[in-house]
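Observations on the three-dimensional arrangement
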Amino acid sequence: MYSFIKAVVITGIVLFIVSPVSCRLSEKGIMLYCVEDYECPVIKAFCVTGAETASITFSKNVNLQNCSVVPEMLVVSSKLSFVSEDKEYWVYDISFDRKCTAGTDYKFMGIVKDSIGNSLTFSLPFKGFNENIPELEITEIHPKYTSSKRKAGILYKGEYVEFFVRTDGNLAGVELRSAYDGIDKVYEFPAVEVRKGEVVVVHLRSKTEGAVNELEEKLNLSTEYYSSDTARDLWEEGDSSHLGDDMDVICLVNSFTDEFIDGVCYAKSDSTEWKTDFMASMAKRLKESGVWNGSSVSEAICIDGLTASKSIIKREKGKSADFWTVSNANGETPGKIDFDITIE
């Protein structure tokens, strides 16, 4: 957590660093000494709650002053909206004079003073709230990575996840999360407008210059292996491993609201339990949200026989393992839906 200035009569300037689209705070910050027996206030969370609104939570009562947003927007109000019964946190609602642009980088700045006169200038980065997140359906998963030498060079077969776009919208604020990777390693979608009926392929390892993000109308810019000329190819930067080879819980999340958009569980048939508590908790949340019918490892898609030349492919619309299968060898089909998908 970030700390306020910890001195009796000191005014400080601190740059607070937060996750751009959620309430997570990093552990970085400047800490100075406080008077003995005085518990200094801290910023506990900053959340974007709408296209024109946000909230900031403090551990104690403070006076919030001189609030502003860059790029330039006016803060039309900042009022205390809630105090916990035990007064462990104080929540201020913030309203802007107009809507933020979805996915655009902003900074919320201001000054706060505590009850004994200490003051703090802060700057909190955030992304513009997305009111138009589309309905997305996971349709293919390629979890394994391999490479092989060819006459023309090295062939890289990387991990990817394919999605079908069921409604028009913007992908800003959507996250692809893997329980294998953990909560701190997610793929954040760019602010791209997509149309109903599109197919999007998120490639989770970049190996060549052919890994080009297709952010506008042209869908044939990407040339690395597994690229599709008819689907929108998006690429994660870097060359680290992604997705569990033997089991995983994968989901699409609206990071502004932390709501699940879609999710899938897979594991080998001899698995008796999820490898980590985090996997188990994510699977439980998928079931509770209604995007997957089951939370136990026995209710996951069976991936026996899966290799780097095979994919986990959806064969019918549904929310359980019954609608998925492992493809034949060389049966990967990034950018091509493998069942008669309908748009409602």
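Residues numbered from 1 in each chain as written. Predicted model: local features only at pLDDT ≥ 70, side-chain atom pairs only at ≥ 80, totals over all residues. Heavy atoms only, no water.

**Side note on unusual backbone geometry**
Omega for the peptide link from Val70 to Pro71 comes to -5°, which places this bond in the cis form. By the element assignment, Pro71 lies in the loop between strand E4 (63-70) and strand E5 (75-83). One non-glycine residue, Asn66, lies in positive phi territory at about 50°. If you trace the backbone, Asn66 turns up in strand E4. Classification of Asn66 as exposed rests on a relative accessible area of 58%. (Helix = DSSP H or I, 4+ residues; strand = E, 2+ residues; numbered from the N terminus. Buried < 20%, exposed > 50% of the residue type's maximum accessible area, 1.4 Å probe, protein only.)

**Quick notes on the packing of aromatic side chains**
What the rule picks out here adds up to twelve aromatic pairs. Judged by centre distance (5.4 Å) and plane angle (5°), the ring pair of Phe46 and Phe108 falls under stacked. You can see Phe46 sitting in strand E2 (residues 43-48) and its partner Phe108 sitting in strand E7 (residues 105-113), a full 62 residues away along the chain. Residue Phe46 shares its accessibility class with Phe108, and that shared class is buried. On the numbers, 4.7 Å between centres and 50° between planes, the contact of Tyr225 with Tyr226 is tilted. Judged by its relative accessible area of 38%, Tyr225 falls in the partly exposed class. With relative accessibility at 7%, the residue Tyr226 sits in the buried group. Through successive ring pairs, a cluster of aromatic residues spans Phe46, Phe96, Tyr106, Phe108, Phe122 and Phe126. (Phe/Tyr/Trp six-rings, centres within 6.5 Å; stacked < 30°, edge-to-face > 60°.)

**Looking at the sheet that holds E5**
Ordered by their spatial adjacency, four strands build an open sheet running E2-E3-E6-E5, and the pairing between neighbours is antiparallel. Every other strand in the sheet has two partners, leaving E2 and E5 as the edge strands with one partner each. For this sheet the average axis-to-axis angle between neighbouring strands, irrespective of direction, equals 20°. As paired elements, strand E3 (residues 53-58) and strand E6 (residues 90-96) share six bridges and run antiparallel to each other. Along E6, the bridge assignment pairs Phe58 with Trp90. (Pairing = 2+ DSSP bridges. Axes fitted to C-alpha atoms, helices over the stretch in contact; angles between N-to-C directions.)

**Observations concerning the pattern of salt bridges**
Using the criterion set out here, one finds 17 salt bridges in the structure. The residue Asp258 makes a salt bridge to Arg177 at a minimum N-O spacing of 3.2 Å. Taken together, the residues span a long stretch of sequence, with Asp258 in the loop between strand E19 (247-254) and strand E20 (259-267) and Arg177 in strand E14 (residues 174-178) at a distance of 81 residues. Taking relative accessible area as the criterion, Arg177 reaches 6% and is therefore assigned buried. (Salt bridge = Lys/Arg side-chain N within 4 Å of Asp/Glu carboxyl O.)

**Examining the side chain of Glu198**
Mapping Glu198 onto the fold places it in the loop between strand E16 (193-194) and strand E17 (199-203). In this structure Glu198 touches Phe163, Phe164, Val165, Glu193 and Arg232, once residues within four positions along its chain are discounted. (Contact = heavy atoms within 4.5 Å.)

**A closer look at the pairing of E14**
For E14, the tally of buried residues reaches five of five residues, placing the bulk of the element in the interior. A two-sided burial pattern is seen for E14, the buried positions comprising Val174, Leu176 and Ser178 on one face and Glu175 and Arg177 on the other. In this structure, E14 lies alongside E19, joined through five bridges in antiparallel fashion. What sits directly across from Arg177, in E19, is Cys251. Summarising the sheet, E14 and strand E15 (residues 186-188) pair through three bridges and their orientation is antiparallel. Considered in E15, the bridge of Arg177 is made with Val186.

**Side note on the sheet that holds E19**
Pairing is mixed in the open sheet, where five strands are placed in the order E15-E14-E19-E20-E21. In this open sheet, the two edge strands, each paired with only one partner strand, are E15 and strand E21 (301-302). Contacts from helix H1 (residues 277-289) reach E14, E19 and E20 within the one sheet, and its direction differs from that of E19 by about 50°.

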